[in-house]
Amino acid sequence: MSKPVSLSAGVPKIVLVGNPNVGKSVLFNALTGAYTTVSNYPGTSVEVAHGFCDLAGLRYEVLDTPGMYSLLPITEEERVARQILLHGEVHVVVHVIDARNLERMLPMTLQLAEAGLPLLVVVNIMDEAERCGMTIDLPLLQSRLGVPVVGAATARKRGLAEIRAALAAFDPSRRPVFAYASDLEHDILRVAAQLEGNYRLDRRALALLLLQRDEEIQGLVAATEGAHHAKLQQTVNQVIFERRVDLHLRISLERKRICQGLLAEVVTQRTGGRPSFAERLSSWSMNPWTGVPLLLLVLYFGLYKFVGEFGAGTVVGFLEGTLFLEHLNPWFIAVADRFITWSWLHELLVGEYGILTLAVRYAVALVLPIVGTFFIAFSILEDSGYFPRLAMLVDRLFKAIGLNGRAVIPMVLGFGCDTMATMVTRTLETVRERVIATILLALAIPCSAQLGVILALLSATPGALLVWTSFLLLIFLVIGLLAARLMPGERPMFYMEIPPLRLPQPGNVLVKTLTRMQWYFFEIFPLFIVASILLWAGKLTGGLNILVGWVQPVMLSLGLPVEAAAAFIFGFFRRDFGAAGLYDLQTSGLLSPVQLTVAAVTLTLFVPCVAQFMMMKKERGWMVSLLIFVFVTAIAFASGWGLNRLLLATGWLA
Amino acid sequence: MTCSFCGREIPDQPGRAEPCGSCLGGCRKVHCPWCGYANPLLPDYLKRLQQPHKKKE
């Protein structure tokens, strides 16, 4: 393992640690002045700043470490920050925390303290916290933490003298201990008692890191313990196995409980302790009784009104109906009639499946406005911090279908693009969860363009949207429940720290929307042209007619007109291309309300598009992806057939 | 860059600003190392629009 670069051996070291954006660098500059060195940590591209400061006549070396969230590292930056703590002779570790967010910051303070590091806590950004109406009882926090605590606003040079004084008078012998629940303590002790070597970190902290499978610590312990290591590892494995369901969750919740105890009566709000509106809205959004109505409001205004009615109705109506069909397409055709004498080229450019009359129209006039409005709504929700709350809200429901709140990430991303969401399923903890999420994405999560077109088409037919939504929800839950019952495997718990709810920034929303639209357009445009060329070639060679002939009996069994076969063939190229085909069918007046609903349900459930299938193959392998493909196709057509029978028998939507 | 899902700061590293190549069709995403959320990788010309809102340490 590499060792940190030190500018001067023998000089006591002050190491600044903390989350990103808490003011570490400002404090570092204030302590060290102008003479600092920035160098890469050996073997990495991570920069560490070094400098010196003089306190009470003594010279200290000061290190500004990269931002870290936990002593259990995930990024290279966190790994480097921990290396410095693990291997350096540290006189004092200054943990800089944000006064506005003490509950999120203190778990790391706890980890640093339990690691036995000589700790001084700087509660920074006090000015902003006071502006928010917060009062922090620093002496009370200090007495509870058992380490020196200094309040500061380093950007305003407030508290710098107190920090210098605390550093100069620092007593490294103070080592507080915080107790976890007795069962967890028992397991920590089982492991810690078997550690016999000499370590810089406290044995309790090492035991916790070993139980969380920290590879670097495993290597360090293996090298230090020698022959004794096998027995130790056996104990670690035993505890991990016994607690395989909830170890990480228990550790996180225990730390949260301890921090809440430490902070009780430390932080008070000026407004008589009443939580702010943002805090109340945050808790409403996670409580099932208030969270579900809030979610329905979000879906109604965000998806139905904005994407469905405005994007897919008003904007598409203008771009597709007025601009393309009334002006551009007749002009393209007139120009082609005049200048292009070869019929094959005429057909390729402005024919039934022409690049200009079909591919460009679908991409620019149909899909882009829908995904554009969808991405605006998506970016507003994303920037407000609603999605992590949604994860907490649906956690219980998702557990019933073999997933947990973490699966909200791929599911939410799936409404943007299922291909990308399929890749994100790799962030789920177990193979079982990944397979279930992949099935549900392929089956029941429509992508943004498909969703927008379907919302626009179905909202014009009373009851059709309700049938489509209820049916898809039913399929999602039934298949999820069945998958959870039939597939063996563990069910990991879900826990995440919730970032603050915030007012979306128009600049952020605009930039994220434009970025997503640009990416989406660059992706779909060439594919739409390729699809258009393939359909043209199929028409020219007669291959398309053969394909349509194969699909026609299926269409008839679903009660759909034979012309619907083309939309299903389009849908295999891309989901949004298929939805656009459905849009053309409906605007041509070829579908009754029942047929429209059956076609929309079947097309939504229908096989994943080529790109999503390739991603499934990449993530899950040929065998699983082919099985999912066959399963999804069968479910889609069986559901369409069943729904058609049900609607005809009951007379709903007739 | 801050993760739009978990709110954590995604460190700038050489290579991280490049697409990972896993998405078909050339997606431009930065995956959060903590939660896995796919954050859009902002083009330089759009980043300028965000500058006034950027927090400085």
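Calculation notes
Residues numbered from 1 in each chain as written. Chains lettered and ligands numbered in written order. Predicted model: local features only at pLDDT ≥ 70, side-chain atom pairs only at ≥ 80, totals over all residues. Heavy atoms only, no water. Helix = DSSP H or I, 4+ residues; strand = E, 2+ residues; numbered from the N terminus. Buried < 20%, exposed > 50% of the residue type's maximum accessible area, 1.4 Å probe, protein only. Contact = heavy atoms within 4.5 Å. Areas by Shrake-Rupley, 256 points an atom, 1.4 Å probe, with all protein chains shown as cover. Buried area = accessible area lost by both parts, 1.4 Å probe. Salt bridge = Lys/Arg side-chain N within 4 Å of Asp/Glu carboxyl O. Nonpolar A, V, L, I, M, F, W, Y, C, P; charged D, E, K, R; others polar. Pairing = 2+ DSSP bridges. Axes fitted to C-alpha atoms, helices over the stretch in contact; angles between N-to-C directions. Domains from an automatic or database assignment. Polar contact = N/O pair within 3.5 Å; in protein donor to acceptor, adjacent residues only side chain to side chain. Right-handed = clockwise from strand over helix to strand, strands pointing away. Phe/Tyr/Trp six-rings, centres within 6.5 Å; stacked < 30°, edge-to-face > 60°. Lys NZ or Arg CZ within 6 Å of the ring centre and 35° of its normal. Expected span 1.5 Å × (residues − 1). Bend = angle between axes of the 7 residues up to and from the residue. Parallel < 35°, antiparallel > 145°, perpendicular 65-115°, else oblique. Left-handed = near helix turned anticlockwise from the far one by under 90°. pLDDT = per-residue confidence, 0-100.

What chain B contains, in helices and strands, is one helix and two strands. When the elements of chain B are put in sequence order from the N terminus, they spell out β-β-α. Evaluated residue by residue, chain B yields a buried proportion of 47% over its 57 residues. Put simply, 41% of the contacts in chain B that link residues at least 6 apart link residues at least 24 apart. Carbon and sulfur atoms make up 51% of the accessible area of chain B, which amounts to about 3100 Å² in all.

Before going further, it helps to examine the interface of chain A and chain B. Each partner contributes to the interface: chain A provides 49 residues, whereas chain B provides 38 residues. Summing the contributions of chain A and of chain B, the shared interface buries around 3700 Å²; its carbon and sulfur component is 61%. The tally of links between chain A and chain B comes to one salt bridge. The set of elements that each furnish at least two residues to the side of chain A that touches chain B consists of α1 (24-32), α2 (76-87), α15 (355-384), α16 (386-400), α17 (408-414), α18 (418-424), α22 (506-541) and α27 (610-650) of chain A. Among the elements that make up the side of chain A that touches chain B, the one with the highest residue count is α22 of chain A (11 residues). Tallied by class, the residues present in the side of chain A that touches chain B amount to 24 nonpolar, 11 polar and 14 charged.

Here the focus is the sheet that holds strand β8 (residues 149-151) of chain A. Residue and element names in this part refer to chain A. Taken in spatial order, the seven strands line up as β2-β3-β4-β1-β5-β6-β8 in an open sheet, and their pairing is mixed. Among the strands making up the open sheet, the edge pair consists of β2 (36-40) and β8. For this sheet the average axis-to-axis angle between neighbouring strands, irrespective of direction, equals 25 degrees. Sheet topology places β2 next to strand β3 (residues 47-55); five bridges connect them, and they run antiparallel. Bridge pairing in β3 links V38 to A49. The sheet strands contacting α2 are β1 (13-17), β3, β4 (58-64) and β5 (90-98), and the helix crosses β1 at an angle near 150 degrees.

All names here are of chain A. Segmenting chain A into domains produces domain 1 (13-168), domain 2 (182-286) and domain 3 (288-650). Each of domain 1 and domain 2 has a C-alpha centre, and these two points are 21 Å apart. With 32 residues of domain 1 at the interface, the matching set in domain 2 holds 27 residues. Buried area between domain 1 and domain 2, both sides added, is near 2700 Å², and the carbon and sulfur share of it is 59%. In terms of surface lost to domain 2, no three residues of domain 1 exceed L86, E114 and R144, which account for 23% of the buried area on that side. Where domain 1 meets domain 2, there are four salt bridges. The tally of links between domain 1 and domain 2 comes to 12 residue pairs in polar contact (both at pLDDT 80 or more). Contributions of two or more residues to the side of domain 1 that touches domain 2 are made by α2, α3 (102-114), β7 (134-136) and α5 (138-145). Counting residues per element, the side of domain 1 that touches domain 2 draws most heavily on α3, at seven residues.

A few words on the environment of I258 of chain A. Residue and element names in this part refer to chain A. Tracing the backbone shows I258 in helix α11 (residues 247-263). The class of I258 is buried, set by a relative accessible area of 9%. On a C-alpha basis, the gap between I258 and P107 in space is 8.4 Å, while along the polypeptide they are 151 residues apart. The contacts of I258, once residues within four sequence positions are left out, are L110, F178, A179 and Y180.

Let us look at the pairing of strand β6 (residues 119-124) of chain A. All names here are of chain A. Within β6, six of the six residues are buried, which leaves the element mostly enclosed by the surrounding structure. Of the two faces of β6, the one lined by L119, V121 and V123 and the one lined by L120, V122 and N124 are each fully buried. In this structure, β5 lies alongside β6, joined through six bridges in parallel fashion. By the bridge assignment, V94 is partnered in β6 with L120. Of the crossover connections in this fold, the one passing from β5 over α3 to the parallel β6 is right-handed. Two strands pair when backbone bridges link them, and β6 and β8 are joined in this way by three bridges, in the parallel orientation. Its bridge partner lying in β8, V123 is registered against G151.

A few words on the packing of aromatic side chains. Going through the model one piece at a time under the given rule, you end up with 27 aromatic pairs over all chains. Here F570 of chain A and F577 of chain A contribute two aromatic rings whose centre-to-centre distance is 5.0 Å and whose plane-to-plane angle is 55 degrees, an arrangement assigned as tilted. For F570 of chain A, a relative accessible area of 4% puts it in the buried group. The buried category is assigned to F577 of chain A, whose relative accessible area is 0%. The structure contains a cluster of three or more aromatic residues connected by ring pairs, namely F374, F375, F378, F387, W519 and Y520 of chain A. The aromatic ring of Y69 of chain A is capped on one face by R8 of chain B, whose charged end is 4.4 Å from the ring centroid.

Residues lying three or four places apart along an α-helix face the same way, a consequence of the helix completing one turn every 3.6 residues. Residue and element names in this part refer to chain A. The terminal C-alpha atoms of α16, which comprises 15 residues, lie 22 Å apart, in line with the 21 Å expected from a rise of 1.5 Å per residue. V394 marks where α16 bends most, by close to 50 degrees. Buried residues of α16: Y386, F387, P388, R389, L390, A391, L393, V394, D395 and F398, and no others. Where α16 is buried, its residues contact α12 (277-286), α13 (288-339), α15, α17 and α21 (464-486). The first or second residue beyond α16 is G402, which carries a positive phi of 80 degrees.

Our next topic: the packing of α13 of chain A against α16 of chain A. Geometry of a packed helix pair, given as the angle between the helix axes and the separation of the axes. Residue and element names in this part refer to chain A. Closest axis-to-axis distance for the α13/α16 pair is 11 Å, and the angle between their directions is 130 degrees. Judged by the inter-axis angle, α13 sits oblique to α16. Along this stretch, α13 crosses α16, giving a crossing that reads as left-handed. Packed against α13, whose contacting residues are P288, G291, V292, L295 and V298, the element α16 presents Y386, L390 and L393 at the interface. Taken together, the residues that form the contact of α13 with α16 break down as seven nonpolar, one polar and no charged.

The next point concerns the environment of E563 of chain A. Residue and element names in this part refer to chain A. Tracing the backbone shows E563 in the loop between α23 (543-557) and α24 (564-573). With 15 residues separating them in the primary sequence, E563 and V548 have C-alpha atoms 8.6 Å apart. Apart from residues no more than four positions distant in its own chain, E563 is found in contact with L585 and L590.

Residues and elements named next belong to chain B. Confidence in the prediction for chain B averages 71 pLDDT; 60% of positions are at 70 or higher. The spread of mean pLDDT over the elements of chain B runs between helix α1 (residues 44-50), the lowest at 75, and strand β2 (residues 38-40), the highest at 86. We note a pTM of 0.83 for the whole complex and an ipTM of 0.83 for its interfaces.

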